[in-house]
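Each chain, letter by letter, is given below.
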Amino acid sequence: DECKEKITANLQRDIDWREMNEEDRERMVGPPHLTAMRDALAEVGNPRKTLKMIYETMGSLIEQLEEMLGMIGSGDEMRIEGGEGLKGESDDDQALSGVKLYKGETLLELTERWRFIYKRLYDPDEDRFDLSRIPDVHDNVRFDVLHNPHLGLTSTLEKLYSL
């Protein structure tokens, strides 16, 4: 637990690995033979800056998804219980959530999936990133690139993947 806390605290810092001296690097991650962590930080550079870029890119992705949802619905819809999409004011209205995606997921559900991760990735009150959400970002990027390329989000998803 102590090691995990140290890593979490250090990756929240606004420092650039490439500009650190060896003494500071050792304080941050330990001796030089811990090459995996050192190699990762050398590639990332400034972990906090990279986390912010991930967060901002996710915000952009969510805006794109919300724009798509806005083109599909009029704004008068309500969520159907059970997550089957959107419905209008009349019970006879068909679902308005748009094209079914991979395995029947709707655009609304895809948007909510990304919103869920986005809201939990960063706590503005604590000014702290939840590093345990980074694998979720990675998994969801891969999923949507593979299974939902027709949405036109590939460049944003590729940017997230490269970060």
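What counts and what doesn't
- Residues numbered from 1 in each chain as written.
- Predicted model: local features only at pLDDT ≥ 70, side-chain atom pairs only at ≥ 80, totals over all residues.
- Heavy atoms only, no water.
- Helix = DSSP H or I, 4+ residues; strand = E, 2+ residues; numbered from the N terminus.
- Expected span 1.5 Å × (residues − 1).
- Buried < 20%, exposed > 50% of the residue type's maximum accessible area, 1.4 Å probe, protein only.
- Arc of directions from axis to C-beta.
- Contact = heavy atoms within 4.5 Å.
- Phe/Tyr/Trp six-rings, centres within 6.5 Å; stacked < 30°, edge-to-face > 60°.
- Polar contact = N/O pair within 3.5 Å; in protein donor to acceptor, adjacent residues only side chain to side chain.

Draft legend 1. Highlighting helix α6 (residues 134–147). Across its 14 residues, α6 extends 20 Å between first and last C-alpha, which sits within 8% of the 20 Å expected from 1.5 Å per residue. Within the span of α6, buried status applies to Val-137, Asn-140, Val-141 and Asp-144. One side of α6 holds all its buried residues, which, seen down the axis, span an arc of 105 degrees. On its buried side, α6 packs onto α4 (47–72), α5 (107–121) and α7 (154–162).

Draft legend 2. Spotlight on the packing of aromatic side chains. This model, assessed by the stated rule, comprises five aromatic pairs. Ring geometry for Tyr-55 and Phe-129: centres 6.3 Å apart, planes at 80 degrees, overall edge-to-face. Of the two residues, Tyr-55 is situated in helix α4 and Phe-129 in strand β4 (residues 128–129); the sequence distance between them amounts to 74 residues. Put simply, the rings of Tyr-55, Tyr-118, Tyr-122 and Phe-129 pair up and form one aromatic cluster.

Draft legend 3. Highlighting helix α2 (residues 22–29). The complete set of buried residues in α2 reads Arg-25, Met-28 and Val-29. In a view along the axis of α2, the buried residues occupy a sector of 70 degrees, so they form one face of it. Facing away from the buried side of α2 by over 90 degrees, the exposed positions are Glu-23 and Arg-27. Looking at the buried positions of α2, the neighbouring elements they touch are α1 (2–11), α3 (35–44) and α4. Put simply, Asn-21 is the residue that caps the front of α2, since its side-chain oxygen is 3.1 Å from the backbone nitrogen of Glu-23.

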